[in-house]
Amino acid sequence: MDLQLALLFLQQGVASGLVVGSVYALLALAIVIIFKTSEVPNFAQGEMLMAAGYVALYLLVFRALPAWASISMTIVVAFAGAALFRRVVLTQVAHASGSPVNLVIATLGLSYVLKGLVRQTGFGDTPRSFPALVSTDSLMIGQASVTRLDLAILGTAIIVMAAFFWMFGYTKLGRAMRSVGMNPKAAQLVGVNLNRIHTIIWGLSGAISAIAALLISPKLLMTADMGSVVTLGFAAAIVGGFASLPGAVVGGFIIGIVEQLVGLFVSSRAITLAPFLAIMLVLILRPQGLFGGRVVIKKV
Amino acid sequence: MPDLLEVEGISASYGRIQALSNVSLRMPAGSIVALLGGNGAGKTTTLNTISRLVPLTAGSIRFEGQPLNRLQSHHVVRAGISQVPEGREVFRDMSVRENLDMGAYGRSDPAGVRSDLERAFTYFPVLRDRLKQKAGTLSGGEQQMLLIARALMARPRLLLLDEPSLGLSPVLVQKIFDIIARLHADGLSILLVEQNAAVALAASQYAYILENGEIVLEGASDALRQDEAIKRTYLGS
């Protein structure tokens, strides 16, 4: 491979990697806010994304609603669904047994329920394509070719992340969320309603997953199994340290770029391996993740 | 007129372990009442049942005549009871300022919160110089001060203080208890949990002694300080 081609591949890989990486970053963010505040990895995150994708598809294509209405309804439905799951199902599971394992199993249950529901409706029987809401005309940035849709994806993801970080860092609600993650007992003692905050966090995580679904769906074929894309969100979260929100974002971009570069420089078949190699490298060289701090053993 | 706090025959348990049985205590408004006892006697559990972190299995708690039994922890704070938990339960990765803001979480009177922040600085001037510092990087004594200041930010009428002397040097203990005396002089009622009985009896008007989850003795603090059995068991003389 000559230098010219290598440079071209590099630019293309970084450009495409930033685009898909921004979606992985959103997914990682959705995973990490739940984990950080409740120490439960949500194994239904991918299916929440998939279900939201189908809700959008149904509203936009089958009901022929305008894009703005479909998008906002999808986000609202995802927020409400996730919040309701936390409020109703997880509260009951936690009441029945204090073991976190049961909560994790409940999230696994949710993933199968959502897959089953989508299959039940029949929409998930055949792979479907999600209409692109932004033109797919390509334009050149340097020597990299990207579409307007790509730029819209990256731009939207960055705006959503910026809004989230502002909320988390500078509002009263965000401060309450951080307090619950840092010290739930102290949070209760200053008057934070843990249930309410957890419910909002799940809702937000669902809404972010829905936005990720809207962004990624036009670039994939939709099936009931498309939730597996969340594996890359988990990969991003692990690379970033799993409890770090900035880490989740950086991890998302790293996974996206590594994936694209491996596809261009090695082989497109190697793409699926790339994130796992990245995880293993991080786990071996820096087990706490790129942004993970010290590991704290909690006193129960 | 009812007492400020009336705890009547409360019991609580962690799983099958009975932590409190039939504990009753009363405190009039404007008093400092001490709750003494050894490790595991149930002192912290008593505070946590009042704060509604630990469920009651029997008995009742009334604050200003109103029952707390059915309230949740966040309601208790709004009702006027703040707890200063034992140990270093600050929000470590938040700044001192954010910790204090969290103390005022349930309030929606910004002007009142601002004036209470100024008031907190009159008790703990050192916090004003540490506003931007992460709470986890404060010294032990400063963290204890931040915890008390954070609880004050809710403008409580009853302060539950759990082991404020824990892990502090005698000089700092003296400093903290001077501030407790000032808070009391300014009208705050305080339920004080301590292992350091000498300091607690000196600071309080009335005291209860817990053993294995039961009240075994109670009386005016001055009288208890003269009691031979108390001296042997708790005052180490």
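Summary of the structure given here. (Residues numbered from 1 in each chain as written. Chains lettered and ligands numbered in written order. Predicted model: local features only at pLDDT ≥ 70, side-chain atom pairs only at ≥ 80, totals over all residues. Heavy atoms only, no water.)

### Let's talk about the packing of aromatic side chains
Then, in step 1: In total, this model carries 11 aromatic pairs over all chains according to the counting rule given.
Then, in step 2: Look at Phe62(A) and Phe123(A): their rings are 4.5 Å apart centre to centre, the planes differ by 55°, and that puts the pair in the tilted class. You can see Phe62(A) sitting in helix H2 (residues 45-62) and its partner Phe123(A) sitting in the loop between helix H4 (100-121) and strand E1 (128-129), a full 61 residues away along the chain.
Then, in step 3: With a centroid separation of 6.4 Å and an interplanar angle of 55°, the aromatic rings of Tyr123(B) and Phe124(B) are classed as tilted. The same class applies to Tyr123(B) as to Phe124(B), namely buried.
Then, in step 4: Within the aromatic cluster, the residues linked to one another by ring pairs are Phe35(A), Phe43(A), Phe234(A) and Phe242(A). (Phe/Tyr/Trp six-rings, centres within 6.5 Å; stacked < 30°, edge-to-face > 60°. Helix = DSSP H or I, 4+ residues; strand = E, 2+ residues; numbered from the N terminus. Buried < 20%, exposed > 50% of the residue type's maximum accessible area, 1.4 Å probe, protein only.)

### So, unusual backbone geometry
The general pattern is negative phi for most residues beyond glycine and trans for most peptide bonds.
Residue and element names in this part refer to chain B.
Then, in step 1: The phi angle at arginine 52 is positive, at roughly 65°, despite the residue not being glycine.
Then, in step 2: Counting through the fold element by element, arginine 52 comes out in the loop between helix H1 (43-50) and strand E4 (58-63).
Then, in step 3: Residue classification places arginine 52 among the buried residues on the basis of a relative accessible area of 17%.
Then, in step 4: One non-glycine residue with positive phi stands out, namely arginine 155, at about 50°.
Then, in step 5: On the secondary structure map, arginine 155 appears in the loop between helix H6 (140-152) and strand E7 (158-162).

### Points about the pattern of salt bridges
Once their charged atoms are close, side chains differing in charge can pair, the charge on each being opposite to the other.
Residues and elements named next belong to chain B.
Then, in step 1: In the structure shown here, the tally under the stated rule is 18 salt bridges over all chains.
Then, in step 2: Across the pair glutamate 142 and arginine 130 runs a salt bridge whose closest N-O atoms are separated by 2.8 Å. In this pair, glutamate 142 is assigned in helix H6 and arginine 130 in the loop between helix H5 (125-129) and H6, connecting sequence segments 12 residues apart. (Salt bridge = Lys/Arg side-chain N within 4 Å of Asp/Glu carboxyl O.)

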